[in-house]
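Listed below are the residues making up each chain.
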Amino acid sequence: MAQYGAAATMMAAGDSLYQGVRSLTITRELAQFSPPAIIADALGLPFDLALMRRPVGFDLEALLRKANLLSLLGALRKSSASNGQTWLAESNWSTLEAFDNLAFGGATISDLTTCTYETSLPLAQRALAILMDKSVSDRAAVPAIYDLWFNLNVCFVLNPRRRAGEQAKATAVDQIAKRRPKLLFVNIGSNEGLFRLGIGGRLDEKVEAGLKGIPSLMRTLFGKLRTALPAGSCKIYVNSLLCPSFVPNLMPPASDKQGKDGDYFPRYEARIGGGHDLMSKAEMRQADKLTLAINNEVKASLAELLADDARFVDLFVGSQAFDGKHWPDRFVQVSTKRRLRNTPLDKAPIFDGLNSGGLTGLDNMHPTVPGYALIAKMVLDTMGEPLKLKLSDAYKADSLLQDLPGDLTNFQAAIGLLGRLGLFKM
């Protein structure tokens, strides 16, 4: 079992894509199918996961199955407050002293070198106090719901036994430096603008500025990793940003048609979380072009600062093989009759089961188990190692895809409402 300060064989750090978040929800079940967990299993390596006793903050998927659109916000606030009270009342959260997976949902690049249990605990307590304050309206409490979710997550991942002292002050990179893993896997950068672009459907000044700031932030992170991990001591695998046009939430209106397979559509809209703006073909092309340029800058910095110790995992290029949105003949075959594509989750109108989509959950952003298996596969391909988890098994293991909600339209409308109220701060 992992101990704080004890040498590690393999560690991971990053954001929601490496924690296993699905539909803005992280549970014990989902954490077991995060890409690092799949990678560790494929390599046969010990890897202590951050397995929580209960969901962190809230279980949005479960709430959506119970609450209607009118009562959802109040139910989410009540559930988050109750969840936070339970978490903060416990003297410890795990039998493990430390975890090998230090990814937490909502993380930005700088969070890996600044967030600690000691800094996040008072923020979680403050957020809970707002949720408990009856004078604060449900609408005004939405930012606190997110703040509680994020900061509880940080506290749990970085200090599961809630111990005072050095570990309480240690960031994710501090813990990596302390434990000196032989293998390190990193996925970070999506929350600097790519998530906002995908959920909002706008390449505005804020999104563009966030994206353009990534190379400098990653360069700083690589410098700190070089200090933490002496040359030759660790192999480091860093994921690129995904291609924006691949994101399932960004879809063409039904009336728009491609010129030919592989072309951009004339327009794109955010199906969940956005307003009424439409991205033009030129804007989507610019988003892809900008992201590709950022990936190239990050790759160059990685080679310069970490040299032979690091490898760049190109998710941007790798995801194109599964882009069924732009190429109808591209998909992920998970059974003789089931093909998954990077389109919004949709339920068959007559038969009880999946009609389209399947690579992401209810928010059209965070992957399902098959989606996470594809990320793990791209990492393992870069390593020259096979993926042991069959994609058909990944499909069967996904609880959401095996039991889709009855009315996805209302579910997606509810998530869209939460997005417009500010829940999606990532």
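Our subject is the structure that appears above.
Calculation notes
- Residues numbered from 1 in each chain as written.
- Predicted model: local features only at pLDDT ≥ 70, side-chain atom pairs only at ≥ 80, totals over all residues.
- Heavy atoms only, no water.
- Buried < 20%, exposed > 50% of the residue type's maximum accessible area, 1.4 Å probe, protein only.
- Helix = DSSP H or I, 4+ residues; strand = E, 2+ residues; numbered from the N terminus.
- Pairing = 2+ DSSP bridges.
- Axes fitted to C-alpha atoms, helices over the stretch in contact; angles between N-to-C directions.
- Contact = heavy atoms within 4.5 Å.
- 1 Å grid on protein atoms, 1.4 Å probe; cavity = no way out; pocket = protein on both sides within 12 Å on 5 of 7 lines; lining within 4 Å.
- Points joined across faces, edges and corners; volume = space filled by probe spheres on them.
- Nonpolar A, V, L, I, M, F, W, Y, C, P; charged D, E, K, R; others polar.
- Arc of directions from axis to C-beta.
- Phe/Tyr/Trp six-rings, centres within 6.5 Å; stacked < 30°, edge-to-face > 60°.
- Lys NZ or Arg CZ within 6 Å of the ring centre and 35° of its normal.
- Core = buried A, V, L, I, M, F, W, Y, C linked by side-chain atoms within 4.5 Å.
- Parallel < 35°, antiparallel > 145°, perpendicular 65-115°, else oblique.
- Left-handed = near helix turned anticlockwise from the far one by under 90°.
- Expected span 1.5 Å × (residues − 1).
- Polar contact = N/O pair within 3.5 Å; in protein donor to acceptor, adjacent residues only side chain to side chain.
- Disulfide = S-S within 2.5 Å.

A.B. asks: Tell me about the pairing of strand β6 (residues 267-270), residues and numbers included.
C.D. replies: Of the two faces of β6, the one holding Tyr 268 and Ala 270 is buried and the one holding Arg 267 and Glu 269 is not buried anywhere. Strand direction decides the pairing type here: β6 and strand β7 (residues 279-280), joined by 2 bridges, are antiparallel. Along β7, the bridge assignment pairs Arg 267 with Ser 280.

A.B. asks: I'd like a rundown of the sheet that holds strand β8 (residues 310-313), residues and numbers included.
C.D. replies: An order of β2-β1-β3-β4-β8 is seen for the 5 strands of this open sheet, with the pairing classed as parallel. Pairing within the sheet leaves two strands with one partner each, and these edge strands are β2 (101-103) and β8. Along the sheet, successive strands turn relative to each other by an average axial angle of 15°, direction set aside. For strand β1 (residues 10-14) and β2, the ladder comprises 3 bridges, and the chain directions are parallel. Among the inter-strand pairings, Ala 13 is bridged to a residue of β2, identified as Leu 102. Across the sheet, helix α15 (residues 369-383) lies against β3 (183-187), β4 (235-239) and β8, angled at about 135° from β8, the strand it touches most.

A.B. asks: Quick rundown of the layout of surface pockets? Include the residues and the values.
C.D. replies: In this structure, the largest pocket spans a volume of roughly 370 Å³. The wall of the largest pocket is formed by 19 residues, among which Arg 271, Leu 345, Asp 346, Thr 409 and Gln 412 lie closest to the centre. Of all the elements in the fold, those that place two or more residues in the lining of the largest pocket are β11 (346-347) and α18 (408-420). Looking at the lining of the largest pocket, its residues break down into 7 nonpolar, 7 polar and 5 charged.

A.B. asks: Residues and numbers for empty space enclosed by the protein, please.
C.D. replies: Applying the stated criterion to the full structure yields 5 cavities of 30 Å³ or more. One number sums up the size of the largest cavity: a volume of about 350 Å³. For the largest cavity, the lining is made up of 23 residues, of which Leu 17, Leu 242, Thr 360, Met 365 and Pro 367 are closest to its centre. Sorting the residues of the lining of the largest cavity by element identifies α1 (16-19), α10 (194-200) and α15 as the ones contributing at least two each. Sorting elements by how many residues they give to the lining of the largest cavity places α15 first, with 4 residues. Here the residues of the lining of the largest cavity are counted per class, giving 15 nonpolar, 7 polar and 1 charged.

A.B. asks: So what about helix α9 (residues 172-179)? Which residues, and what values?
C.D. replies: The set of residues buried in α9 consists of Ala 172, Val 173, Gln 175, Ile 176 and Arg 179. Looking straight down α9, one finds that the buried residues subtend no more than 160° of arc, so they occupy a single side. The secondary structure elements touched by the buried residues of α9 are β1, β2, α6 (111-114), α8 (142-158), β3 and α12 (214-228). Of the residues trailing α9, Arg 180 is marked for its positive phi of about 45°.

A.B. asks: Can you tell me about the packing of aromatic side chains, naming the residues and giving the values?
C.D. replies: Two descriptors summarise a pair of aromatic rings, namely the distance from one centre to the other and the angle between the planes of the rings. For the structure shown, the criterion picks out 10 aromatic pairs. Aromatic pair Phe 185 and Tyr 237: ring centres 5.4 Å apart, planes at 15°, arrangement stacked. Of this pair, Phe 185 sits in strand β3 while Tyr 237 sits in strand β4; the two residues are 52 residues apart in sequence, bridging distant segments of the chain. Across this residue pair, the class does not change: Phe 185 and Tyr 237 are buried. Grouping aromatic residues by their ring pairs yields a cluster made of Phe 58, Phe 104, Tyr 146, Trp 149 and Phe 150. Its guanidinium or amino end placed over the ring of Trp 87, Arg 54 lies 5.4 Å from that ring's centre, counting from NZ or CZ.

A.B. asks: Residues and numbers for the nonpolar core, please.
C.D. replies: Ranked by internal contacts, the top residues of the largest apolar core, which has 145 residues, are Ile 39, Leu 184, Phe 185 and Met 218. The biggest single contributor to this core is α8, with 13 residues. When residues no more than four places from it in sequence are discounted, the contact partners of Met 218 are Ile 109, Ile 188, Val 238 and Val 298.

A.B. asks: Could you give an account of the packing of helix α3 (residues 35-43) against α15, with specific residues and numbers?
C.D. replies: Between α3 and α15, whose axes approach to 8 Å, the crossing angle comes to 50°. The angle between the axes of α3 and α15 places the two elements in the oblique class. The way α3 lies across α15 gives a crossing that is right-handed. For the pair α3 and α15, the contacting residues are Pro 35, Ile 38, Ile 39, Ala 42 and Leu 43 in the first and Tyr 372, Ala 373, Ile 375, Ala 376, Val 379, Leu 380 and Met 383 in the second. Here the contact of α3 with α15 is built from residues that sort into 12 nonpolar, no polar and no charged.

A.B. asks: Tell me about helix α13 (residues 281-306), and please be specific about residues and values.
C.D. replies: For α13, with 26 residues, the first-to-last C-alpha span of 37 Å sits near the 38 Å given by 1.5 Å per residue. Among the residues making up α13, those that are buried are Met 284, Ala 287, Asp 288, Leu 290, Thr 291, Ile 294, Asn 295, Val 298, Ser 301, Leu 302 and Leu 306. Where α13 terminates, the next one or two residues include Ala 307, which has phi positive at roughly 50°.

A.B. asks: I'd like a rundown of the side chain of Arg 77, residues and numbers included.
C.D. replies: In this structure, Arg 77 sits in helix α5 (residues 72-89). At 2.6 Å, the side chain of Arg 77 and the backbone oxygen of Val 136 are in polar contact. With near-sequence residues (within four places) excluded, Arg 77 lies in contact with Ile 130, Leu 131, Asp 133, Val 136, Ser 137, Asp 138, Ala 141 and Ile 145.

A.B. asks: Talk me through the state of the cysteines; I want residue IDs and the actual numbers.
C.D. replies: Across all of its chains, the model carries 0 disulfides by this definition. Left unpaired, Cys 155 is separated from the closest cysteine sulfur, that of Cys 115, by 9.3 Å. Accessibility expressed as a relative area gives 0% for Cys 155, which makes it buried.

A.B. asks: I'd like a description of the sheet that holds β7, backed by residues and values.
C.D. replies: Strand order in this open sheet of 3 strands is β5-β6-β7, and the pairing throughout is antiparallel. The open sheet has two edge strands with one neighbour each: β5 (250-251) and β7. Bridging between β5 and β6 involves 2 bridges; their strand directions are antiparallel. Looking across to β6, one finds that Leu 250 is bridged to Ala 270.

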